[in-house]
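# A look at the structure
Chain by chain, the residues:
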Amino acid sequence: MVLVLALGDLHVPHRAADLPPKFKSMLVPGKIQHIICTGNLCIKEIHDYLKTICPDLHIVRGEFDEDARYPDTKTLTIGQFKLGLCHGHQVIPWGDLDSLAMLQRQLDVDILVTGHTHQFTAYKHEGGVVINPGSATGACSSINQDVNPSFVLMDIDGLRVVVYVYELIDGEVKVDKIDFKKASTSTSAP
Amino acid sequence: MIADDDEKWLAAATAAVKQNAFYMQRAIDSNNLKDALKFSAQMLGELRTSKLSPHKYYELYIRASDELRSLEMFFRDETARGCSIAELYELVQHAGNILPRLYLLCTIGSVYIKSKDVTAKDILKDLVEMCRAVQHPLRGLFLRSYLAQVTRDKLPSIGSELEGDTETHMDALEFVLQNFTEMNKLWVRMQHQGPTREKEKREKERNELRDLVMTVGKNLHILGQLEGVDLVVYRDTVLPRILEQVVNCKDELAQCYLMDCIIQVFPDDFHLQTLDVLLGACPQLQPSVDIKMVLSGLMERLSNYAASSVEALPNFLQVDAFSKLNHAIGKVVEAQVDLPASASVTLYLFLLKFTLHVHSDRLDYVDQVLGSCVSQLSATGKLCDDKASKQIVAFLSAPLEKFNDVVTILKLTNYPRVMEYLDHDTNKTMAIIIIQSILKNDTRIATADEVDALFELIKGLIKDFDGLTDNDEIDEEDFQEEQNSVARLVHFLYNDDPEEMSKIIFRIRKHILTGGPKRLPLTIPPLVFSALKLIRRMRGGDENPFGDDTSTPQKILQLLTETVEVLSDASASELALRLYLQCAQAANDCELETVAYEFFTKAYLLYEEEISDSKAQVTALRLIIGTLQRMRVFNVENRDILTHKATGYSAKLLKKPDQCRAVYECAHLYWAEEGENLKDGERVVLCLKRAQKIADAVQKMANASRGASSTGSVSLYVELLNKYLYFLEKGNPQVTGETIQSLAELIRSETKKAESGAGTFITSTLRYMEFQRQQEDGGMSEKYQKIKMEWFE
């Protein structure tokens, strides 16, 4: 059982002061093995904070990130899964699933995690899964007006990944989950 | 030399005490009263010495008085056997020297206090008078100390079984008071005696004497425990007598210690009711007495009292404790001209804490205290010592911590005045503390006036002080953290009412713009986003015309134009471009076509004139295309102009692969999903073909340089292929199976040439195409079936 935290688009301090206290109290150090971040932190203090939750931190660059050294895309393997990470402002039209699918094919990954729309989504399609963890702070977006703070926790176990999405709605944390299964370790179609 | 002698003498005396005590004990065990008395007298004779320093004498005294305990018990047994006090007194008269005699008389007398032979009153009176015979300060002090000690548990005190009537209480009271008075006099004499002593020796002795003042204070402890000392007795008898002694002894050390004793020993509500008297004594004390310690101690006790018993609170108001204390402090500060700033601030700090505890609902009192502090500081001017600055920070933080609500603090008119006296660094520290309070407590600052007041308090962070720039003195990281705090703060300046919120936005802007080029890139973005949120809310609200001129989306967007402009001057062009694009999207959502066009123009100009770094150009262009793709507000002509420009920029990027990618992304500008007349299939294909030409050029160069990045350009073709598939799926009639086929063919042939093989992108694309062919949903599968794929392995 490997826990992977996926979050992004915090936009601190441009659009939000900090993560919601209820989220902060849930994100306890030592419980999570990897963090993948879709970008737009935007400042070093947030980077440092994420590092305290888990030292294995992967970040890609959002268009407002102050650190220019983050890469545009990143791929990594966790267990049986290949994950791809990209902020998403590079994929036009923004939020378009088919365009995102193209990126997924390009990176050749089972799970593609992107952000930018500040809207939680989890789609299953031919190549695998495309996940958007939304905005962890509920930062406003020009694409999506009604933003609830959200993040995703993936539990990777063998060929199966359970995607838990945590959303802060009206002051309460609501959880939902989605199951995905990979057919086999090869990259051929399921 | 002296120390060694001291040790020697003490050792000798102690040995003698031990020896005599041993014989005394033997006599006690064999019920030999006479011998017991003889040896105890001998033992006590050691206390007649003049050779020991006060500390050493104390040690000897402890030894001896310890041994006397068994003698005391023996006397008690004797009384049980019927021996009368007179008899014992008689026997003791035979002791040769007065000091041992008196110790024994005290011991005997104390045993008889409870007896019916003589009244307690008489015994006590006699004892306290008798001790006058020893006028030597050190010996007299310890004798009386013994007297206090040995009678202590025989007096009617709280919690003891000894009861009595009022008369008994008063007698005991009188006894203790007298003993106290005499002891105080003796101690004071010790302080001032012996000009013949060597200076060094005297210094040492003074230090030792300091500790001995506790023996005097013990009497006060005893008084505090006595039965029958109620408020009336305290006020009318006890306090005046004690204070009389304290004032008249004119000794700084005694006064300081005893005042503190009074405050600690007696109940708080006594102090409350005698506040006048207590405070009145303060100016009468020696000038060298550390009054602030005394007053601080008093205020702290009263604060705790108020905190622990709510029922007592009305009493505070009734006796007007606040103004009395305020007044007293004022007088002290006035009188002691040399008082350092940190000391007077400490006094005010304690008064403030007192006020916050006792009168937390009286903001006017709190403000008064702040005001008093300001008057005091105005005399000394701006602070430059660390200690005082620290105290002021504690002083200003106290109300913050109590109320946990900066909005309350903003109502204190004297608060910003106190801050004026802080040096630059401390001022910033305080500003950060204020901001932290807001962040931590989730405080909402909801009116434009409150915003103004707040920015007044934190102005040390907002702009450079007095025209000086911070520059090299400040650490870069620290500076960024500071400004990021200010940025975070912006999100707490908020009102649901759009009109008030508008005003707030204008005010924030006014303050932030004084910040200078270093601060603006950090503080402007949150303002912009806060304003954009407001605009979107306005748009979402009802259609009624807004009352105020400032509260329309147009006005705010106009304000934002002017604000973001400032950024491009501050060499933050990339940021400015991004913000222009964000504003354009907001204008789009408000259906303000001209405004949106304006923003795009500004963004384009920035792109052309300011953004020269290739990587930055690629990202900026991507953002422009992505934003433009979502615009719905433009008419055909405007859209055409902007699209044309964007495509032009794309073709002029430095690196060819970047050109190719940007151009094929532009294809999306001709195709929008929402079913409006924004689907121009031909233009889409034209873009893709144009992109392909660029890809061809890249391929040529790669082939010429022999496999340098051959897979790179094949990747471009594969990307293009995917784009064609995208538009095929969306139903662009211009995208045919043949188009795709020929491209696929090209990829295949180029892949064969390259040594490194096809790459995973092609594989996954082919797999996807096959997957789509197999789809049960007829439409998609049909499209894919039109592509002849057999020759692909």
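Okay, so let's go over this structure. Per chain, the residues get numbers from 1 upward, laid out in the order the sequence is written. Chains and ligands are labelled by the order in which they are written, letters from A for the one and numbers from 1 for the other. Two thresholds apply to this predicted model, a pLDDT of at least 70 for residue-level local features and 80 or more for giving and counting side-chain atom pairs, whereas whole-chain, interface and lining totals are computed over all residues. Side-chain numbers here rest on the full set of heavy atoms in the structure, without hydrogens or water.

This next bit is on the overall build of chain B. For chain B, the count of helices and strands is 38 helices and 0 strands. The atom set for the radius of gyration is the C-alpha atoms, and the globule formula is 2.2 Å times the number of residues raised to the power 0.38. Relative to a compact globule of 793 residues, whose C-alpha radius of gyration would be 28 Å, chain B shows 46 Å and is clearly more extended. The principal-axis extent of the C-alpha atoms belonging to chain B is close to 140 × 65 × 55 Å. Of all 793 residues assigned to chain B, the portion counted as buried reaches 53%. Strands here are runs of E lasting at least two residues and helices are runs of H or I lasting at least four, both read from the DSSP assignment and numbered beginning at the N terminus. Relative accessible area decides the class of each residue, using a 1.4 Å probe on protein chains only: under 20% of the type maximum gives buried, over 50% gives exposed, and in between gives partly exposed.

All names here are of chain A. Side chains of strand 2 (residues 34-37) alternate between two faces, with His34 and Ile36 and Ile35 and Cys37 buried alike. Handedness of the β-α-β unit built from strand 1 (residues 2-7), helix 1 (residues 21-26) and strand 2 comes out right-handed. Strand pairing follows a simple DSSP-based rule, namely that at least 2 bridges must link the two strands. Where strand 2 lies against strand 3 (residues 57-59), 3 bridges are found, and the strand directions are parallel. The residue of strand 3 that forms the bridge with Ile36 is His58. A crossover gets the label right-handed when its path from the first strand over the helix to the second runs clockwise, viewed with the strands pointing away from the viewer. Considered for its hand, the β-α-β crossover made up of strand 2, helix 2 (residues 44-53) and strand 3 is right-handed.

On to the sheet that holds strand 1 of chain A, then. All names here are of chain A. Spatially, 6 strands are ordered 3-2-1-9-10-11 in an open sheet, and the strand pairing comes out mixed. Each having just a single partner strand, strand 3 and strand 11 (172-181) make up the two edges of the open sheet. Ignoring which end each strand starts from, the neighbouring axes of this sheet average 20° apart. Summarising the sheet, strand 1 and strand 9 (residues 150-157) pair through 5 bridges and their orientation is antiparallel. Following the sheet pairing, Ala6 is matched in strand 9 by Val152. Every residue pair with non-hydrogen atoms within 4.5 Å of one another is taken to be in contact. In this description, a line fitted to the C-alpha atoms serves as the axis of each element, helices being fitted only across the stretch in contact, and the angle between N-to-C directions of two axes falls anywhere from 0 to 180 degrees. Along the sheet, helix 2 contacts strand 1, strand 2 and strand 3; its crossing angle with strand 3, the most-contacted strand, is approximately 145°.

Moving on, we get to empty space enclosed by the protein. Lining residues are those with an atom within 4 Å of a point, where the points come from a 1 Å grid over the protein atoms alone and group into cavities, where a 1.4 Å probe fits but cannot get out, or pockets, open sets with protein on both sides within 12 Å along at least five of seven lines. Grid points are joined across faces, edges and corners, and a volume is the space filled by probe spheres set on the points. Tallied over the full model, the rule gives 4 cavities of 30 Å³ or more. Taken as a whole, the largest cavity holds about 140 Å³ of empty space. Forming the boundary of the largest cavity are 17 residues, of which Arg15, Glu63 and His116 of chain A together with Gln582 and Gln585 of chain B lie nearest the centre. Mapped by element, the contributors of at least two residues to the lining of the largest cavity are helix 29 (573-589) and helix 31 (614-630) of chain B. Looking at which element gives the most residues to the lining of the largest cavity, the answer is helix 29 of chain B, with 4 residues. When residue character is reported, Ala, Val, Leu, Ile, Met, Phe, Trp, Tyr, Cys and Pro are called nonpolar, Asp, Glu, Lys and Arg charged, and the others, Gly included, polar. Class assignment for the residues of the lining of the largest cavity results in 5 nonpolar, 9 polar and 3 charged. Volume-wise, the second largest cavity comes out at about 50 Å³.

Now for the sheet that holds strand 6 (residues 111-114) of chain A. All names here are of chain A. Spatial strand order, 4-5-6-8-7: 5 strands in an open sheet with mixed pairing. Every interior strand has two partners, whereas the edge strands, strand 4 (73-78) and strand 7 (120-125), have only one. For this sheet the average axis-to-axis angle between neighbouring strands, irrespective of direction, equals 15°. In this sheet, strand 8 (residues 128-133) lies alongside strand 6 in parallel orientation, the contact comprising 3 bridges. Bridge pairing in strand 8 links Leu112 to Val130. Contacts from helix 3 (residues 97-107) reach strand 4, strand 5 (81-86), strand 6, strand 7 and strand 8, with the element oriented near 125° to strand 6.

Aromatic pairing here means that ring centres of Phe, Tyr or Trp (its six-membered ring) are within 6.5 Å. Orientation follows from the plane angle: under 30 degrees is stacked, over 60 is edge-to-face, and everything else is tilted. For the coordinates displayed, the defined rule picks out 22 aromatic pairs over all chains. Residues Phe23 of chain A and Phe151 of chain A carry aromatic rings whose centres are separated by 4.8 Å and whose planes lie at 85° to one another, so their mutual orientation is edge-to-face. Taken as a pair, Phe23 of chain A in helix 1 and Phe151 of chain A in strand 9 lie far apart in primary sequence, 128 residues in all. For the pair Phe23 of chain A and Phe151 of chain A, a shared accessibility class is recorded, and that class is buried. Where Tyr234 of chain B meets Phe266 of chain B, the ring centres are 4.8 Å apart and the plane angle is 50°; that geometry is what we call tilted. Remark: Phe266 of chain B occurs in the loop between helix 11 (252-265) and helix 12 (268-273) and Tyr234 of chain B occurs in helix 10 (residues 231-249); sequence separation between them is 32 residues. Residue Tyr234 of chain B is classed as buried on the basis of its relative accessible area, which comes to 0%. Residue classification places Phe266 of chain B among the buried residues on the basis of a relative accessible area of 2%. Aromatic rings pair up to connect Tyr597, Phe600, Tyr604, Tyr607, Phe634 and Tyr649 of chain B into one cluster. When the NZ atom of lysine or the CZ atom of arginine is within 6 Å of a ring's centre and also within 35 degrees of its normal, the charge is said to sit over that ring. In this structure, Lys182 of chain A is placed above the aromatic ring of Phe81 of chain A, and the distance from its NZ or CZ to the ring centre is 5.4 Å. Of note, Lys518 of chain B hangs over the ring of Phe479 of chain B, and the distance from its end group to the ring centre comes to 4.5 Å.

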